[in-house]
Structure formats: C-alpha cells, structure tokens
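The chain contents come next:
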Amino acid sequence: MSKILETYRQRTPGSAAAHHRAVKSVVGGNSRGSAYWNPYPLMIERASGTRLIDIDGNEYIDLLNNYTSLAHGHAYPPIVEAVTRQVELGTAWVGNNRWQNELAETLIERVASVESIRFANSGTEAGMLALTIARVVTGRDKVLMARFGYHGSLMEFEVGSFPDLFTHGADNTYLGNYNDAGSFEEILRAHGEEIAAVFLEPVMGAGGVVRAAPEFLKRVQAAAKAGGALFVLDEVIAFRLATGGAQSLLGIDPDLTMFGKVIGGGFPVGAVGGRLEYLKVFDPKAPRALHSGTFNANPVTMTAGLVSVRELTSARIERMDELATRLADSLTAAAGKLSLPLSINRAGSLLNLFFTKQAPQATPVREDAATIALFHLAAMNHGLMPAGRGMIVLSTVMDDALIDEIAQRAAAAMADVA
Ligand code: PLP
C-alpha cells in the first residue's frame, strides 16, 4: 500500500490541504457519500470533455462522468451554449417553461410505458415520488426491493443498499435477492397486502453493474401485479443504455419509471414517469398527494436535459458499447500479462472491475476490497479517475485512441498493484 499511497499524497498536497480545511466546516469534508475515499478525495478545479484538472494541476481522464450523469462528457459545447442562453434569460421562476414540455414529450416519445411525467431535482426524489404514488394508490406502506439495490438516500431504500450498516428503515422494507425471482414471489405471497411497490434496477449500478435477466424482471412484475403492488423500474442509471431506456431492451412495461442523471444534461434532476392513472395523484386540480419543489423543472436543467437526451442517439449508444468492449478486452489482456485475476461486469457503456476470478453477484461486500482500493489510488496516480468501487462509465466524446490510452494507463496502475 505504502508506495502507491505515498505517491498519491506526494502528487496531491493541494487536495490534502483543501480536505483538511473542508472537514472543519462540512462533516467528513464533503456532502456526498459516494464521492469520499481514503485518505482524502481530490479537489477538482475544472473539467472539460474527458478531462478533470485538480487543484495541483494534475490531469485525469474522467472514467466516472459524475456517476453516469454526463452522457457527453464535461462542458459539452451544445449544452454549454443552451445553458448560457438560458441563464441570461433567467434561471428559475414560477410559471412554466417551454423546455419542460419538450423534455417531457421527448421522454414520452422514447419510453413506451411513460404516458406522463413530473420532474424533480434528484434520483432520490424520483424514488420518493414513486413511493408516494404507490402508497396513495394502494393504501399500503411497505417497499420490496433487491438486497444491495440502490434507489437513492431515502430511509426505506438505504436499508436495502446497506443492510449491514443502516437498519433504521427496516420496518418498512422487504428485501429479495437480485436475479432470484422466487425470493420476490415468496415475499409477495407472504406479505403482499402490506407492499405498496416493488422497486428494481434493470442493471444494478452501485451493486456492481449486474444485469437483470429479463425473465427475472418479468416474473417479479407479474408477482407484483398479482399482489396488487406497483412495479417501479429505476432507470436513473440505465436510461443511458438505449434510447427507450433499458426497459425497451428487456421488454418490460413498468407501472412507474424513475429517471435522473443523463436527463438533466449535467444539472440536478430527477423525474417519475408512468401510467397517467398513477401520475394523476399529483394533478393539482384534484391532488391526492403533494408534489412541489422550488427548482423542479427549472429551465436551465430542462434545456440542458433536452440537449443531453436528444444527442444520446442509438448510433452513439452503440458506439459507446463498442468502446466499452474494446476497453474490457484490453484490460483483461493487461491483467492476464500481470497474472492478476480480473473480472469485468459490463452493460453497454458501464463497466465494473473486480480483482477476482469471477465477478460477484450484487454484493458490495467484496473479496477484493483492499485490491480495488489500491487500484483506485494507483489509477489516479496514472491520470485516471474511476470509481472507488471499480466502476467505469464512458461518454459519447470518447474515441478509440482515448480508450487505448486509458487501457495503457490502467495497465500501469495494475502493474503497481501487482
Ligand atoms: N437510483 C439509482 C439506480 C442510482 O444509481 C441513483 C444514484 O446514483 C439514484 C437512484 C439516486 O439519484 P440521485 O443521486 O440523483 O439522488
């Protein structure tokens, strides 16, 4: 550890100082659990395209794209242009804006199960709103989700994401096992009358880029329907995998869909969409629940989101798939040369590395915890910024040459680890 850690510290004194200052005023030094790592996170000064620059002037190829929210990299010129225009025209007001209509219409056109939609400011809020709808519609309280699934930082979901760490929401949440339809069916059979909604990701993001088998989702959806619960598909990450969302690839027709990340074009966003009869819960003419929010559907986010979604075409999604395959193949070859065990989960432009012979199924409790932490620091030492948990997220502004550069740098980082 010491050599890699020592190099990290030597290269990043400005980040260390900034972190020590931050902890005095912000608990833990930051406001985002998934953006903290030991010994301290980097202080980023600016970002452009595929690059991040830290306070010490080090450059990194960004392999995270803000945990999937940037489909087109940083400061994508068409988004900068749209947002700059909008900022000059005003950033938020009471009253509608044209971009909300256009983004809503675009999403409805693209995603077959979505008849209507409402916007918020985070994927967490999207989950909260989906849960509110389900509770009002069913008159029930509880949630069924996958163990190690992630639907945002709401108490009801936290206990599923980190069952060994956060137990305070446990009374409201049942947990099934991802890709094990029987476990969900059993819970719905035994407790169906208490369960308002079943939440599932089509690809587990935080859980390690684990793909759902289509049959698993279909069986769970059928069991939810039979039990009178709503079926909510969380496409906050997975929407980037196809123009119609992952549901179009999997043949799933959820009652409600959660959106976030790429539909905001780099700005804070969330949305819940689905069948009109359910969304009607929030119709202000006859509301059955409250949905308000000072910044909901603000014109800056909406105009950025519209550009982001429109420019996320099938051709570009396919191109990212090709680049991801190229990267996975190169990383596998590099690890092979070093006799380092490496397995990679992949779904389209998303990858997750595991330094084990076989990728684990949906578990954050991993055998390679020490190795992946080392690799994370070593990767930064070699000018790459993946997630601490080994997630890699591509963008539409990457090309073959960049992928090859990433593979070379990653190979050097793996050599340090080996
Ligand atoms: N759902 C999934 C699948 C996510 O990955 C995330 C965030 O990573 C969320 C919900 C929560 O979104 P946000 O971080 O915008 O609150």
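Residues numbered from 1 in each chain as written. Predicted model: local features only at pLDDT ≥ 70, side-chain atom pairs only at ≥ 80, totals over all residues. Heavy atoms only, no water.

## Focus on the site of the ligand
Taken together, Ser 122, Gly 123, Thr 124, Tyr 150, His 151, Gly 152, Glu 201, Asp 234, Val 236, Ile 237 and Lys 261 make up the full set of residues adjacent to the ligand. One of the side-chain nitrogen or oxygen atoms of Asp 234 is found 2.7 Å away from a nitrogen atom of the ligand. For the ligand, the accessible surface in isolation is 390 Å², of which the surrounding protein chains cover 82%. The residue inventory of the shell around the ligand, partitioned by class, reads three nonpolar, five polar and three charged. (Near = heavy atom within 4 Å. Polar contact = N/O pair within 3.5 Å; in protein donor to acceptor, adjacent residues only side chain to side chain. Areas by Shrake-Rupley, 256 points an atom, 1.4 Å probe, with all protein chains shown as cover. Nonpolar A, V, L, I, M, F, W, Y, C, P; charged D, E, K, R; others polar.)

## Points about the pairing of strand 10 (residues 230-234)
Within a regular beta strand, the side chains point alternately toward one face of the sheet and then the other, so they alternate between its two faces. The element strand 10 is largely enclosed, with a buried count of five among its five residues. Of the two faces of strand 10, the one lined by Leu 230, Val 232 and Asp 234 and the one lined by Phe 231 and Leu 233 are each fully buried. Sheet topology places strand 7 (residues 195-200) next to strand 10; four bridges connect them, and they run parallel. In the strand pairing of strand 10, Val 198 is matched with Phe 231. Alignment of strand 10 against strand 11 (residues 256-260), held across three bridges, turns out to be parallel. In the sheet register, Asp 234 faces strand 11, and the bridge partner there is Met 258. (Buried < 20%, exposed > 50% of the residue type's maximum accessible area, 1.4 Å probe, protein only. Helix = DSSP H or I, 4+ residues; strand = E, 2+ residues; numbered from the N terminus. Pairing = 2+ DSSP bridges.)

## With respect to the pattern of salt bridges
All told, the structure shown has 17 salt bridges when counted by the stated rule. Residue Arg 51 is joined to Glu 59 by a salt bridge in which the shortest nitrogen-to-oxygen separation is 3.2 Å. The class for Arg 51 is partly exposed, based on a relative accessible area of 23%. The partner of Asp 400 in a salt bridge is Arg 319, with the nearest N and O atoms 3.0 Å apart. With Asp 400 in helix 15 (residues 400-417) and Arg 319 in helix 13 (residues 314-337), this pair connects stretches of sequence that are 81 residues apart. (Salt bridge = Lys/Arg side-chain N within 4 Å of Asp/Glu carboxyl O.)

## Looking at the sheet that holds strand 16 (residues 391-393)
One open sheet holds the three strands; their spatial order is 13-14-16, and the pairing between them is antiparallel. This sheet does not close on itself; its edge strands, each paired only once, are strand 13 (343-347) and strand 16. For this sheet, the mean inter-axis angle between neighbouring strands, taken without regard to orientation, is 20°. The sheet contacts of helix 13 involve strand 13, strand 14 (350-354) and strand 16, and relative to strand 13 the element is tilted by about 180°. (Axes fitted to C-alpha atoms, helices over the stretch in contact; angles between N-to-C directions. Contact = heavy atoms within 4.5 Å.)

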